[in-house]
Amino acid sequence: MTAETQPMSASSRELTIVIPTFQERDNVGPLVGLVREALPMISWEMIFVDDNSPDGTAEAVWEIGQSDFRVRCIKRIGRRGLSSACIEGMLATGATYVAVMDADLQHDPMLLRSMLNILRGDQVDLVIASRYMPGGSMGDWEVDRVRISTFATRLSRLIAKQPVSDPMSGYFMLRREVLESEVERLSSLGFKILLDIIASSPIPLRLAEVPLQFGKRYAGESKLSTAVAWEFLLLIGDKLVGRYVPVRFVAFSSVGVAGAFVHFAVLTAAFKVIGLSFPVSQAAAVIIAMIFNYSLNNILTYRDVSRKGWGWLRGLASFIVVCGLGAIANVGVASYLFGQQQTMWALAAIAGIFVGAVWNYAVSSRYTWGK
Ligand code: GDD
Ligand code: MN
């Protein structure tokens, strides 16, 4: 290792670059190469946070780390999530400044130096590489995605207390103390870690923006799916009402309402159309609605810990047990209230549903998804 590639190793670390990865093996080497070129004479390190990518991303990082100690990887097992990966990476360092960037070379590493220089001036807490300011650009995104992104940016103003041109950017750098001061307030849901950081800060942050020309992905594929829209809504919901109700409970209950419709659809089909007996039709409706609720909660409400393979089946079994007990609690509470002369039947039913829902949520969250 020459002095050129490992400068100031005895002095303190100035900059840590956190790179969340999932299936990015072929981008690791080129990215490290570009960062080395972009930051001569700066004491930096790169922490990749990989969610156990089957393509061997973590192994590719470790191999580079064997000869360059500035390059490390945290490998997470049984977890998914861009925001939580970024947070864990940022908490793994004591450096003065921390940057977050994508692994796929869509974020030009040459910007790191100008972002760092802005922070060094001590007038700014957080620098954002923005696609939506003069000099920035969206790259070759399709019209639809640009439109959705513009809409989401507008929606995000609901929770970002400050004007930011690109609150969805995945490329930014901040003083580590800023993160430290608010880490317990972060939602850490979904993809929008920057928006989370801005919205969770107890005091307005001093912001700066530099133009980003969003590049082309080098190797591999984007992980953004339609689910990001959902995760984005969860984040907005959490920031708006999370203080009063857990946003997961809201999601869980919405799934429950959808499940009730499924129940009635199946019941109507079996009882009225096919002409099965009522108990058989009702039983079929209960089972199908439970499977529906479980599957939907597994991919929406508990996306970050969703169960797969055999785990999916075991999860379903535990969910059925939990909801079975929830149904008993529901009927018990409703019948008890109905027995009190003053309670109207509809109110008794609502109370039963509420108790059942809270039970189902609390217990399945613990036992089915291990939260
Ligand atoms: N650890 C981990 N876990 N990393 C992930 C996960 C995950 O579940 N999902 C994605 N990543 C990593 C990818 O490997 C990549 O390094 C980075 O996060 C960004 O993912 P991409 O799949 O490349 O996202 P994109 O280019 O479509 O979206 C980018 O632009 C958006 C702007 O609208 C990202 O920067 C987004 O964060 C940004 O919001
Ligand atoms: Mn990308």
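Residues numbered from 1 in each chain as written. Chains lettered and ligands numbered in written order. Predicted model: local features only at pLDDT ≥ 70, side-chain atom pairs only at ≥ 80, totals over all residues. Heavy atoms only, no water.

(A) Just the overall build of the protein chain, in detail. A count of helices and strands for the protein chain gives twelve helices and seven strands. Dimensions of the protein chain, computed from the C-alpha atoms along their principal axes, are close to 80 × 40 × 40 Å. In the protein chain, which comprises 371 residues, the proportion classed as buried is 46%. Restricting to contacts in the protein chain with at least 6 residues of sequence separation, those with at least 24 account for 77%. As presented, the protein chain carries roughly 18,500 Å² of accessible surface, and 64% of it is formed by carbon and sulfur atoms. (Helix = DSSP H or I, 4+ residues; strand = E, 2+ residues; numbered from the N terminus. Buried < 20%, exposed > 50% of the residue type's maximum accessible area, 1.4 Å probe, protein only. Contact = heavy atoms within 4.5 Å. Areas by Shrake-Rupley, 256 points an atom, 1.4 Å probe, with all protein chains shown as cover.)

(B) Structural context of the coordination of the manganese ion (ligand 2). Listed as protein donors to the manganese ion (ligand 2) are D104 (OD) and Q106 (OE1); their distances from the metal cover 2.0 Å. The exposure class assigned to Q106 is buried, which follows from its relative accessible area of 11%. (Donors = N, O, S within 2.8 Å, 3.2 Å for Na, K, Ca; no water.)

(C) A look at the pairing of strand 6 (residues 172-175). Pairing of strand 4 (residues 97-100) with strand 6 involves four bridges; the strand directions are antiparallel. Residue pairing in the sheet places Y97 in a bridge with R175 of strand 6. Note: strand 5 (residues 126-130) against strand 6, three bridges, orientation antiparallel. By the bridge assignment, V127 is partnered in strand 6 with M173. (Pairing = 2+ DSSP bridges.)

(D) Representation of the side chain of N360 in the model. Note on placement: N360 falls in helix 12 (residues 345-367). Residue class for N360 comes out buried when judged on its relative accessible area of 14%. Ignoring sequence-local partners within four residues, the contact set of N360 consists of F252, V322, C323, G326 and S365.

(E) Seen up close, the environment of N293. With respect to the helices and strands, N293 occurs in helix 10 (residues 278-299). Assessed through its relative accessible area of 16%, N293 is described here as buried. Taking the C-alpha atoms as reference points, N293 and V255, separated by 38 residues in sequence, lie 6.2 Å from one another. If we skip the residues at most four places from it in the chain, N293 touches V255, G256, G259 and F319.

(F) Local environment of the sheet that holds strand 1 (residues 15-21). A sheet is described by the order of its strands in space; here seven strands give the open sequence 3-2-1-4-6-5-7, paired in mixed fashion. Each edge of the sheet is formed by a strand with only one pairing partner; in this case those strands are strand 3 (71-75) and strand 7 (207-211). Strand-to-strand twist in this sheet, taken as the mean axis angle between neighbours without regard to direction, amounts to 20 degrees. Sheet topology note: the strand 1/strand 4 ladder contains four bridges and is parallel. From the neighbouring strand, T16 faces strand 4, where its bridge partner is V98. Contacts between helix 2 (residues 57-67) and the sheet are confined to strand 1, strand 2 (44-50) and strand 3, with strand 3 contributing the most and set at about 150 degrees to the helix. Contacts between helix 4 (residues 111-120) and the sheet are confined to strand 1, strand 4, strand 5, strand 6 and strand 7, with strand 6 contributing the most and set at about 25 degrees to the helix. (Axes fitted to C-alpha atoms, helices over the stretch in contact; angles between N-to-C directions.)

(G) Broad picture of helix 1 (residues 25-38). When the terminal C-alpha atoms of helix 1 are compared, their 21 Å separation across 14 residues agrees well with the 20 Å that a helix rising 1.5 Å per residue should span. Every buried residue of helix 1 is accounted for by N27, V28, L31, V32, V35 and A38. All buried residues of helix 1 fall inside an arc of 130 degrees around its axis, so they share one side. (Expected span 1.5 Å × (residues − 1). Arc of directions from axis to C-beta.)

(H) Structural detail: the nonpolar core. Formed by 39 residues in total, the largest nonpolar core has its most connected members in I17, L39, M46, F48 and L112. Contacts of I17, omitting those with residues within four sequence positions, involve V35, L39, E45, M46, I47, A99, M101 and L112. Core analysis: the second largest hydrophobic core is formed by 31 residues, I87, V100, L186 and F232 among them. (Core = buried A, V, L, I, M, F, W, Y, C linked by side-chain atoms within 4.5 Å.)

(I) Spatial organisation of the site of ligand 1. Neighbouring residues of ligand 1: 27 residues in total, closest E24, D51, R80, D102 and K223. Note that an oxygen atom of ligand 1 is positioned 2.8 Å from one of the backbone N or O atoms of P20. Between an oxygen atom of ligand 1 and a main-chain N or O atom of M168, the distance comes to 2.8 Å. In the complex, the protein chains occlude 97% of the 740 Å² of accessible area that ligand 1 would expose alone. Residue assignment for the shell around ligand 1 shows that the elements contributing at least two residues are strand 1 and helix 3 (82-90). (Near = heavy atom within 4 Å. Polar contact = N/O pair within 3.5 Å; in protein donor to acceptor, adjacent residues only side chain to side chain.)

(J) Region of the structure containing helix 10. The end-to-end C-alpha separation of helix 10 is 32 Å, in line with the 32 Å expected for 22 residues at 1.5 Å each. Buried residues of helix 10: S281, A285, A289, M290, N293, Y294, N297 and N298, and no others. Against the buried residues of helix 10 lie helix 9 (247-274) and helix 11 (310-339).

Shape is all these values report; function is a separate question.
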